[in-house]
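Structural overview
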Protein chains: 4
Amino acid sequence: MDCNVILQEIYRELSQTSQNGHVATYIPELAKVSPEKYGIHLSSIQGERFFVGDSKEKFSIQSIAKVFALTLAFHFEKEKLWKRVGVEPSGSAFNSLVQLEYENGKPRNPLINSGAIVVADILLNHLGDPANDFIEFIRTISGHPQIDYNPKVYQSEKQTGFKNYAQANLMKSFGNIHNEIEKVMDFYFLMCSVEMSCCELADAFLLYANHGKLVQSNEEFITTSQCKRINAIMQTCGFYDEAGDFSFRVGLPGKSGVGGGIAAVYPGHYSVAVWSPVLNAKGNSGRGIKTLELLTTKTGSSIF
Amino acid sequence: MDCNVILQEIYRELSQTSQNGHVATYIPELAKVSPEKYGIHLSSIQGERFFVGDSKEKFSIQSIAKVFALTLAFHFEKEKLWKRVGVEPSGSAFNSLVQLEYENGKPRNPLINSGAIVVADILLNHLGDPANDFIEFIRTISGHPQIDYNPKVYQSEKQTGFKNYAQANLMKSFGNIHNEIEKVMDFYFLMCSVEMSCCELADAFLLYANHGKLVQSNEEFITTSQCKRINAIMQTCGFYDEAGDFSFRVGLPGKSGVGGGIAAVYPGHYSVAVWSPVLNAKGNSGRGIKTLELLTTKTGSSIF
Amino acid sequence: MDCNVILQEIYRELSQTSQNGHVATYIPELAKVSPEKYGIHLSSIQGERFFVGDSKEKFSIQSIAKVFALTLAFHFEKEKLWKRVGVEPSGSAFNSLVQLEYENGKPRNPLINSGAIVVADILLNHLGDPANDFIEFIRTISGHPQIDYNPKVYQSEKQTGFKNYAQANLMKSFGNIHNEIEKVMDFYFLMCSVEMSCCELADAFLLYANHGKLVQSNEEFITTSQCKRINAIMQTCGFYDEAGDFSFRVGLPGKSGVGGGIAAVYPGHYSVAVWSPVLNAKGNSGRGIKTLELLTTKTGSSIF
Amino acid sequence: MDCNVILQEIYRELSQTSQNGHVATYIPELAKVSPEKYGIHLSSIQGERFFVGDSKEKFSIQSIAKVFALTLAFHFEKEKLWKRVGVEPSGSAFNSLVQLEYENGKPRNPLINSGAIVVADILLNHLGDPANDFIEFIRTISGHPQIDYNPKVYQSEKQTGFKNYAQANLMKSFGNIHNEIEKVMDFYFLMCSVEMSCCELADAFLLYANHGKLVQSNEEFITTSQCKRINAIMQTCGFYDEAGDFSFRVGLPGKSGVGGGIAAVYPGHYSVAVWSPVLNAKGNSGRGIKTLELLTTKTGSSIF
């Protein structure tokens, strides 16, 4: 069946299904987003592009940015990176701080907040102009030069992110944050404030579907081995405490954000991004997961 | 390159590498196994079979049996199974009991001890003659009718398994164990006492590489969807607190046992079993993981 | 003011106050007790005895028995006892098992369940006929030869005490239980099934008010120093997660039981027992605590 | 026996005993203190004063200041105080952050760091000139107008106190810190930097021995009931994870500091302060505890 037809079919079916849950409300910029928003974009490594719904509208990618930050840090640090952050899933959310304490300030993986804070700390030591260099990196790999931060989201995050400050201070007490807390947290909250559309996100994630090479130029940004590792980390750690369920229902490496976005890849074939801002009880986009479940079922594209 | 050549090459290389760690010593039957044992067997869904080293020698498969138990329980209970056991990785080992307590006696997944104890409890309600029916199931899917339990291993496990009893009692206090503790634990320890060779284990795991169908007869034992789910669970939960690292180094769903065995599958292609009894700090076969890492690197068969 | 008048006054005031909470319901023998029961008995070391209400009626003393068990074990083991059980409060209940695990199977103190299970294990090695010797000890120190176990309570406890079995097995896995689990748990549940009246309980606790000597005969059962230690442990650990609040409102060492009883001592002066079976949210008798708070306020007998 | 003779005797005995442990080293001002320092001062409510050794030399009182802060906050807030901080011991140190998280940002008691941070936050809303008003309070109750902060200790604490910042941020995320983190932490670290001698400290603690009244003027600073409560909290929470052991060996309410000081009271009789900077494994002055143990044994002044 044609991929366009499949996306249309999924979109029609799920647009009419009622949603359980709420959009994120901890900052005003997320709280005011319409719960009805819904877009999908799929880009294949052969250059095909399929999309439906609000796929061109920008939204706050939030934690999906952690994958880009990880990619850059892995590029700079290589295997040394794993001395400061692990690659194991973190178990349930309830013990985020105790686990950090128990494991001497080394976060379980780079896709949880504490791990991404360490990654931000590392990037500060490698980037000349961190804010600019980070966004340029995303522009380059996606091929969309107009991608940018949302300054209001950044400000709001900074004013409410006390739990993130708690984790940063705890890690600093163990010596696993090298720069000043304020500088690290500024950059961390900035990273989380990137805005992208499904189209831009899927295009950026083609890197992970294409073994670390840009589809346009065939330029290698990360090695095949590094790309495989990032995909493996997304597979086991990309969905907070729902990674197992996502793995089992969708069967693709991916990463979600609290803005309702999900980006995923079918290695060697395609990348896909969905946006639907109503979150389920575990903090992931409920309709987004359902979308990808139907997609892999209808196309037979699970990695398992 | 020919798969036989690759296995020979890996075997030669790793036979000469010194090993860090020790064989399991908590029961005499495991403690007395030679640390030098080393075998590999790969079975493809086309019927090819490649092997090297001690691949015909039986060893204690231990926790690998949890995959077989899960398969049977999933077959009987279908989606109801997930009411009593989760599908999420468990995070670090240190909080096994607190997590069970925090989550009201529902284990995080069926491949950790508490989860497999719940699975054992479920099987007692479905199997007429549990001990016999369980081993017959393994004999059937592997096509090896001589597979059996090791009664000494069973006895030793039972006499030292106090922590498993603690978990069973805690779950019973939450109503998540329905049969008598003694009956459940007897069956649980029996399951862990199965002995198989790499050859037999790889042949049994062909089921998971072949989308739930027996390779010999094309008979469907579990549905494609169920098979995909079991593979997803192995991917995220199959290696204790080293699932992320295995995922990232090997990139295949698999399960390890404290006897030094590992079984893994490349869905749609092959299954493979390794045995090397020296365990690393996380309780998995160090040489076994290295073997599979070289195998997927040399054959390009990671799912990522 | 006369102590009789004070007890009458407290009894009148609190009989009319409505109670929040419920009687314990986890076993039928406790569930069927009338929530209106209310008795108080105070015995001074000068031999005075004051009482009011249902002070002669027997009730299930439950965890109060842990003080008697500790006294016997301390008598036998002396300072060696503290190698197997601590003297620190346990913090909130939620982490009972993780704390036990974190501290290698050594319970925080002898008045929590895990600690009393270790004490039971120790007594099995010192008493020729544990069931008989333990009840005889209570009969002797109280001077009431008719005190006995309630076999129905014992049976019910045994059938529902899975969480206690979990703790015993966890401690056994660390080598801190020396006898067979079944034998230890039988004795532990038996200890919890003792029945006494307020009168009998206050008389038994005179030992702790009288520096370890029997009031009747001046015979030393435990040394002054040992008695001081048991009182200190009651002060910091006698009321589950309400020890601080009890200490602060009442200001006397004491121990509560889930049957609604509380026994407390004013060292050098008196012992007192209250019974009122409605439990507050922390599992202690709400009216019992209020009774003792009024008593120490009206008589000025707080230790602080 | 005369109290002077007893103090001399204890001093002689313990001066010659070798000490296990080390002085605190996390800030240079504590690290450079001589491990041989040793002073004792006892003040009775009748106005007697006994002392020996380095009892006039100032040292960093550190956490002992939490008792003064609690006293002021309790004075201002009365029973409302307990809505924001509990009165229960905290169990072992390992779970400080998880417990705070589990209990929604409400610290277990006002004598642990998180509790004292909440108290500092409260005082900021009641004191016109917090730094000055707090030190004036200590000067007044002790009758020593020359007591002051040590600015170097304050600076050093602030630069290394990341774990305290972590706790403050975690509590802020739960809404239990009302002022800005920086302002709260500045005041908290200032409080911990007070310097006093044994003489000054014992004189200040007379308030708690004298039921809340100044010995000099008989002026009531806190009510008898409030004083009883503060003593009860010291009894159960004053010695980190050694409160039970202190209670059991010494039998007096007290508070220790990481500078090696301990202040304790025998309600209705006397207050006493010891200073000996070598800390035991639990972070309390080992010789200080031994000193008080001998004192209560030789004088028979345990509250139990």
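This text follows the structure it describes.
Below is a short write-up of the structure.

Bringing the overall build of chain A into the picture now. Helices and strands together make up the secondary structure of chain A, namely 13 helices and eight strands. The C-alpha atoms of chain A give 18 Å as radius of gyration, which agrees with the globular expectation for 304 residues (19 Å, within 12%). Counting only C-alpha atoms and orienting by the principal axes, one finds that chain A spans roughly 55 × 40 × 35 Å. Split into buried and exposed, the 304 residues of chain A put 65% on the buried side. Long-range pairs, those at least 24 residues apart, make up 69% of the contacts in chain A between residues at least 6 apart in sequence. Accessible area of chain A: about 10300 Å², with a carbon and sulfur share of 51%. Here chain A carries 28 positive and 31 negative side-chain charges, and the mean point of each set is 2 Å from the other.

Looking now at the packing of helix H5 (residues 113-124) of chain D against helix H9 (residues 181-191) of chain D. Residue and element names in this part refer to chain D. Interhelical geometry of H5 versus H9 gives an angle of 110° and a closest axis separation of 9 Å. If you check the angle between H5 and H9, you find them roughly perpendicular. For the element pair H5 and H9, the recorded crossing hand is right-handed. Across the interface between the two elements, Asn113, Ala116, Ile117, Ala120, Asp121, Leu123 and Leu124 of H5 pack against Lys183, Val184, Met185, Phe187, Tyr188 and Met191 of H9. Here the contact of H5 with H9 is composed, by residue class, of 10 nonpolar, one polar and two charged.

Let's shift gears to the interface of chain A and chain B. Of the residues lining the interface, 39 residues belong to chain A; the matching set on chain B comes to 39 residues. Together, the buried faces of chain A and chain B total about 3000 Å²; carbon and sulfur atoms form 64% of this surface. Where chain A meets chain B, there are two salt bridges. Of the charged contacts in the structure, one is a salt bridge between Arg108 of chain B and Asp241 of chain A, with a shortest N-O distance of 2.4 Å.

Turning our attention to the relation of the copies chain D and chain A. Expressed as a screw operation, the relation of chain D to chain A combines 0.0 Å of axial shift with a rotation of 180°, fitting to an RMSD of 0.0 Å. Classification of the inter-copy transformation places it as that of a two-fold axis. In terms of C-alpha distance to the rotation axis, chain D has Ala166 of chain D as its closest residue, with the C-alpha 1.9 Å off the axis. Both copies present the same face, since 100% of the interface residues in chain D are matched by interface residues at the equivalent positions in chain A.

With that settled, the discussion passes to the interface of chain D and chain A. Accessible area lost during the coming together of the parts is what is often quoted as the interface size. Between chain D and chain A, the residue contacts involve 13 residues of the former and 13 residues of the latter. Roughly 1300 Å² is buried in total at the junction of chain D and chain A, and carbon and sulfur atoms are behind 67% of that figure. Broken down residue by residue, the surface that chain D buries against chain A is led by Glu101, Phe162 and Asn169 of chain D, which jointly contribute 38%. The tally of links from chain D across to chain A stands at two salt bridges.

Attention shifts here to the sheet that holds strand S4 (residues 148-149) of chain C. Residues and elements named next belong to chain C. Read from one edge of the open sheet, three strands run S3-S5-S4, paired in antiparallel fashion. Sheet topology places strand S3 (59-60) and S4 at the edges, where each strand pairs with a single neighbour. Pairing of S4 with strand S5 (residues 194-196), which is carried by two bridges, proceeds in the antiparallel orientation. Paired with Tyr149 across the strands is Val194, a residue of S5.

What follows concerns the environment of Asn218 of chain D. As for its position among the elements, Asn218 of chain D is in the loop between helix H10 (198-209) and helix H11 (224-237). Along the primary structure Asn218 of chain D and Leu207 of chain D are separated by 11 residues, whereas in three dimensions their C-alpha atoms are 9.9 Å apart.

With that settled, consider the relation of the copies chain A and chain B. Structural alignment of chain A on chain B gives an RMSD of 0.0 Å, achieved by rotating through 180° and translating 0.0 Å along the axis. The share of interface residues of chain A whose copies in chain B are also at the interface is 100%, consistent with both copies meeting through the same surface.

Residues and elements named next belong to chain A. For the structure shown, the criterion picks out 69 salt bridges over all chains. Between Lys282 and Asp241 there is a salt bridge whose closest N-O contact spans 3.7 Å. On the criterion of sequence distance, the pair formed by Lys282 in the loop between strand S8 (270-275) and helix H13 (286-299) and Asp241 in the loop between helix H11 (224-237) and helix H12 (243-249) is long-range, its members being 41 residues apart.

Reading the values: the criteria
- Going along each chain's sequence as written, the residues are numbered from 1 onward.
- Working convention: letters from A go to chains and numbers from 1 go to ligands, in the order in which they are written.
- Only residues with pLDDT of 70 or above have their local features reported here, since the model is predicted, and side-chain atom pairs are shown and tallied only from 80 upward, although totals for entire chains, interfaces and linings are computed over all residues.
- To get the side-chain values, all heavy atoms of the structure are used, and hydrogens and water are removed first.
- In this description a helix means any DSSP run of H or I spanning at least four residues, a strand means any run of E spanning at least two, and both kinds are numbered starting from the N terminus.
- The globule rule is 2.2 Å times the number of residues to the power 0.38, and the radius of gyration it is compared with is taken over C-alpha atoms.
- When accessible area is computed with a 1.4 Å probe and restricted to protein chains, residues below 20% of their type maximum are described as buried, those above 50% as exposed, and intermediate ones as partly exposed.
- Should any heavy atoms of two residues lie within 4.5 Å, those residues are counted as being in contact.
- In this description, accessible areas are obtained by the Shrake-Rupley approach with a 1.4 Å probe, and a residue is regarded as covered only by the protein chains that are shown.
- Here Asp and Glu are counted as negative and Lys and Arg as positive; His is not counted, and neither are the chain ends.
- We put the charge of a Lys on NZ, of an Arg on CZ, of an Asp on CG and of a Glu on CD.
- The axes are straight lines fitted to the C-alpha atoms, using for helices just the contacting stretch, and the angles between their N-to-C directions are given from 0 to 180°.
- Oblique is the label for every angle not falling under 35 degrees (roughly parallel), over 145 degrees (roughly antiparallel), or within 65 to 115 degrees (roughly perpendicular).
- Two helices crossing with the near one rotated counterclockwise from the far one by less than a right angle form a left-handed crossing, whereas a clockwise rotation gives a right-handed crossing.
- Ten residue types, Ala, Val, Leu, Ile, Met, Phe, Trp, Tyr, Cys and Pro, are classed as nonpolar, four, Asp, Glu, Lys and Arg, as charged, and the remainder, Gly among them, as polar.
- Simply put, the buried area is the total loss of 1.4 Å probe accessible area from both parts when two parts are fitted together.
- One speaks of a salt bridge when a side-chain nitrogen belonging to Lys or Arg is within 4 Å of a carboxyl oxygen belonging to Asp or Glu.
- Superposition of the copies used a least-squares fit over C-alpha atoms from residues whose pLDDT is at least 70 in both.
- Two strands make a pair as long as DSSP finds a minimum of two bridges between them.

Such coordinate-based values are descriptive only and should not be taken to indicate function.
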